[in-house]
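Read off the chains here:
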Amino acid sequence: MSDPGADETAETDEGDLLETLASLPSFYHPTADPDGERVAIYYDVTGRNELHVLDAATGGSECWTDGQVPRDARWHLRWSADGDRVFFHRDEAGDEQNDLHAVDSDGYTEPVVEMDGQVTLRDVGGDGETLLVGSTRDGQMNLYRHDLPAGETTKLTDYERAVWGGLLDPDCERIAYATNESEDYDNLDVYVANADGSDPRNLGVGQTGAEAVPVDWSPDGSRLLVSDNTEDLERPGVYDLERGEVRWLGDLDAVEEPVAFGPAGERVLALRTRDAAVAAVVYDLGSGISRTLDLPDGVAAFPREGSPWLADGRVLLTHITSDTRPDLLAYDLATDEYEVLLEADYGDLDSDRFVEAEYLTFESNGVANTEARSVETEPAREYEIGALLYDSGERPSPLIVNPHGGPRAADHRAFGLYTQFLCSQGYSVLQVNYRGSTGRGREFVEALYDDWGGAEQADVARGVEHVLDTRGWVDEDRIAVFGGSYGGYAAYWQLLQYPALYAAGVAWIGVTDLRDMYENTMPHFRTELMEKYLGTPEEAPELYEERSPVEHVRNLAAPLLIVHGVNDRRVPVSQARRFRDALDDFGYTEGEEADYEYVELGEEGHASSDIERKVRTLRILDDFLDRRLGSGDD
């Protein structure tokens, strides 16, 4: 298949492009040390993920590890209170059953918290002795306090529903977190308790049925930065603990996610989402006025874990666009100028070769024009649906429809490895922010409740129909769907519900059997994903059966590639195996020239950022699409 950027990249032949692109150095989870003078990051510039530390003044860096950290950089980093160590999560081959480890500048690593289940570091106490962690050790995700000098871990909460967040106040005398004890399953409340978990108090932030979470303590411990979506759009608020009152920020004209207080508690950082772009915002708490940081349109992000604050009033953030890779910036709030601490690396590739996304919208009432084969759908609420279209320049162009995962997520104007590789091979790419996606408010998210495999799948199909109606250069005979996680569920559904649209499909780590998923996923995914969106299998047996792709395999009419990691604990590999077995039972055959292809990825869980594993997955994807979709020149 021809490459529209070949003239600009003659130095890299197409046989090497896949590995070259997948091997471009990437960084993850930047966080500033307690003095704001250094930044810890995961960085794979050596070809393997390692922990690096940058000097925020000079930009110089040193590598602290040599293979001790996981190859997959999924989980965040945090500095110790004294800045001598960095805490990191380690699991076995991507299974997310983490323990907590620490490393110092000499490369010495040691386990810090080891428990059954998944362990996640929530906060590091300023006293240098206390860690707050979440764990599924006893089943549900709850909070635990770890005493560093004693090496002892004590359970603090014991809720039936998962506990989210987890913040230690500056004196390590109180904790803040979010959970739900109400009868409204969709609810989430902010709690404050003593450091030993006693005397938990619901602060009553927002209305019952909405979601409120704590985000940060003020430096003096008198206020909490909170988030709430009572008014549909998420907004930041400052809760005064003495007065029991919230001061809300913003005009409710866009979703705004609070991130952190300023070092003196005088300002608040937030992220504002609009039309698949994310802007960095600073609120002055004296005036209540916000300003947007002076950055190009795209996606800005402050560190969500650890500290975003550097010395001398600068703040740490990443910036990315749909056709440029992420830069790590130190932004001076006084001058509105920034320095690039770590510049995006393009190797020998010409950065101009990458494709910029077009943002488009269309109307959808939850029913596609294409015949629905698996589930009969009725008109739902009509929404204006947003989407991103990447035009590869190929004419006519095959199209890859790429639904995002989550489902509580969204596609943004941000560089994507798989998207840009597909464009380099001549495929155009469509990403639809179907109902249920974030960035549009609570109502839009909740439109997916009790309707997996319904109107949101019609939104995706309507996006394909819209592109076919308005972009005459798309080859209607060469459309494929490719998605991972909930996007993998969507890939199965698109092929089974709207088979007339697609010539091929790739389902990567996707859900196929809702009851099996409920029984075998991790506890907090069971309650906060499956039950919250669908109820239990006992409460909604017909829904669980009807909206399971495995029940509709008879409608598969295009070649399907199934890819799944054997160590996946979010979407267990049993999901892929059950679908494969159902295909076999219906008489479908497996093979490169047959009805479907099946690949299990060893030493991998729910995807991976490791370079070798990214190359492996891209090769599998590229080979399948080339054989099954073709270049159109045959």
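Here's a quick rundown of the structure. It should be emphasised that the depicted structure is a prediction, and the values quoted were computed from it without experimental measurement.

## What to know about the overall build of the chain
- Across its full length, the chain carries ten helices and 36 strands.
- For the chain, whose C-alpha radius of gyration is 24 Å, the value lies close to the compact-globule estimate of 26 Å for 634 residues.
- By residue count, 60% of the 634 residues in the chain fall in the buried class.
- Counted over contacts in the chain with a minimum sequence separation of 6, partners at least 24 positions apart contribute 56%.
- Of the roughly 24,100 Å² of accessible surface on the chain, 40% is carried by carbon and sulfur atoms.
- Measuring between centres, the 53 positive side-chain charges of the chain sit 3 Å from its 131 negative side-chain charges.

## Some details on the pairing of strand β10 (residues 130-135)
- Among the six residues in β10, six count as buried, and that is most of the element.
- Because side chains alternate across β10, one face comprises the buried residues Thr 130, Leu 132 and Gly 134, and the other comprises Leu 131, Val 133 and Ser 135, equally buried.
- Examined bridge by bridge, strand β9 (residues 119-124) and β10 share five bridges and lie antiparallel to one another. What sits directly across from Leu 121, in β10, is Val 133.
- Between the antiparallel neighbours β9 and β10 lie five residues, among them Gly 128 with a positive phi of about 75°.
- Across six bridges, β10 lies against strand β11 (residues 142-147) in antiparallel orientation. The residue bridging Leu 131 from the neighbouring strand is His 146, located in β11.
- Counted between consecutive antiparallel strands, the loop separating β10 from β11 contains six residues, among which Gly 139 sits at a positive phi close to 120°.

## Focus on empty space enclosed by the protein
- For the coordinates displayed, the defined rule picks out three cavities of 30 Å³ or more.
- By volume, the largest cavity is sized at about 70 Å³.
- Forming the walls of the largest cavity are Pro 70, Asp 72, Arg 74, Trp 75, His 89, Asp 91, Gly 94, Glu 96 and Asn 98.
- Looking at side-chain class alone, the lining of the largest cavity contains two nonpolar, three polar and four charged residues.
- Of the volumes computed, that of the second largest cavity is approximately 50 Å³.

## A few points about the pattern of salt bridges
- By the definition in use, this model includes 41 salt bridges.
- Note that Asp 391 and Arg 395 form a salt bridge whose closest N and O atoms lie 2.8 Å from each other.
- Here Arg 435 ties to Asp 459 by a salt bridge, and the two come within 2.8 Å at their closest N and O atoms. Here the residue Arg 435 occupies a position in the loop between β32 (428-433) and α3 (442-446), and Asp 459 occupies one in helix α4 (residues 455-470), the gap between them amounting to 24 residues.
- We classify Arg 435 as buried; its relative accessible area is 2%.
- Given a relative accessible area of 0%, Asp 459 falls into the buried group.
- The network of salt bridges with shared partners includes Arg 71, Asp 610, Glu 612 and Arg 613.

## Quick look at the packing of aromatic side chains
- For the structure shown, the criterion picks out 20 aromatic pairs.
- Ring geometry for Tyr 418 versus Phe 482: centroids 6.1 Å apart, planes at 50°, classification tilted. Note that Tyr 418 is positioned in helix α2 (residues 417-424) and Phe 482 in strand β33 (residues 474-484), a separation of 64 residues in sequence.
- Given the relative accessible area of 17%, Tyr 418 is considered buried.
- Aromatic side chains Trp 452 and Tyr 533 sit 5.9 Å apart centroid to centroid with 55° between the ring planes, which places their arrangement in the tilted category. One end of the pair, Trp 452, is in the loop between α3 and α4; the other, Tyr 533, is in helix α7 (residues 523-534), and 81 residues separate them in sequence. Neither Trp 452 nor Tyr 533 differs from the other in exposure class; each is buried.
- In this structure an aromatic cluster arises from ring pairing among Tyr 434, Tyr 449, Trp 452, Tyr 486, Tyr 489, Trp 493 and Tyr 533.
- Over the aromatic face of Tyr 185 sits the side chain of Arg 161, whose NZ or CZ is 3.6 Å from the ring centroid.
- Against the face of Tyr 518 rests Arg 526, its NZ or CZ located 5.8 Å from the ring centre.

## Points about the pairing of strand β13 (residues 164-168)
- Relative to strand β14 (residues 174-179), β13 runs antiparallel, the two being bridged by three bridges. Note that in β14 the partner of Trp 164 across the bridge is Ala 178.

## Quick notes on the side chain of Asp 475
- Relative to the elements of secondary structure, Asp 475 occurs in strand β33.
- Taking the relative accessible area as the measure of exposure, Asp 475 reaches 16% and is therefore buried.
- A polar contact is formed between the side chain of Asp 475 and the backbone nitrogen of Asp 477, at a distance of 3.0 Å.
- Each residue touching Asp 475, except ones within four places of it in the same chain, is listed here: Pro 396, Ser 397 and Pro 398.

## Remarks on the layout of surface pockets
- Of the pockets and cavities examined, the second largest pocket occupies roughly 290 Å³.
- Arg 274, Asp 275, Tyr 359, Gly 439 and Arg 440 are, among the 20 residues lining the second largest pocket, the residues nearest its centre.
- Elements with a minimum of two residues in the lining of the second largest pocket: β22 (267-274), β29 (357-364) and β30 (383-390).
- Broken down by element, the lining of the second largest pocket gets its largest block of residues, three residues, from β30.

## A word on a negative patch on the surface
- A surface patch of like charges, here negative, comprises Asp 35, Glu 37, Asp 55 and Asp 312.
- Residue class for Asp 312 comes out exposed when judged on its relative accessible area of 72%.

## Side note on the sheet that holds strand β35 (residues 560-565)
- Taken in spatial order, the eight strands of this open sheet run β29-β30-β32-β31-β33-β34-β35-β36, and their pairing is mixed. A single partner strand is all that each edge strand has here, and the edge strands are β29 and β36 (596-601). Recorded for the sheet is a direction-independent mean angle of 20° between the axes of neighbouring strands.
- Contacting β29, β30, β31 (397-401), β32 and β33, α4 runs over the sheet at an angle of about 115° to β29.

Cut-offs and rules
- Residues numbered from 1 in each chain as written.
- Predicted model: local features only at pLDDT ≥ 70, side-chain atom pairs only at ≥ 80, totals over all residues.
- Heavy atoms only, no water.
- Helix = DSSP H or I, 4+ residues; strand = E, 2+ residues; numbered from the N terminus.
- Rg over C-alpha atoms; globule rule 2.2 N^0.38 Å.
- Buried < 20%, exposed > 50% of the residue type's maximum accessible area, 1.4 Å probe, protein only.
- Contact = heavy atoms within 4.5 Å.
- Areas by Shrake-Rupley, 256 points an atom, 1.4 Å probe, with all protein chains shown as cover.
- Lys, Arg positive; Asp, Glu negative; His and termini not counted.
- Charge placed at Lys NZ, Arg CZ, Asp CG, Glu CD.
- Pairing = 2+ DSSP bridges.
- 1 Å grid on protein atoms, 1.4 Å probe; cavity = no way out; pocket = protein on both sides within 12 Å on 5 of 7 lines; lining within 4 Å.
- Points joined across faces, edges and corners; volume = space filled by probe spheres on them.
- Nonpolar A, V, L, I, M, F, W, Y, C, P; charged D, E, K, R; others polar.
- Salt bridge = Lys/Arg side-chain N within 4 Å of Asp/Glu carboxyl O.
- Phe/Tyr/Trp six-rings, centres within 6.5 Å; stacked < 30°, edge-to-face > 60°.
- Lys NZ or Arg CZ within 6 Å of the ring centre and 35° of its normal.
- Polar contact = N/O pair within 3.5 Å; in protein donor to acceptor, adjacent residues only side chain to side chain.
- Patch = residues over 30% accessible without salt bridge, like charges linked within 9 Å, V, L, I, M, F, W, Y side chains within 5 Å.
- Axes fitted to C-alpha atoms, helices over the stretch in contact; angles between N-to-C directions.

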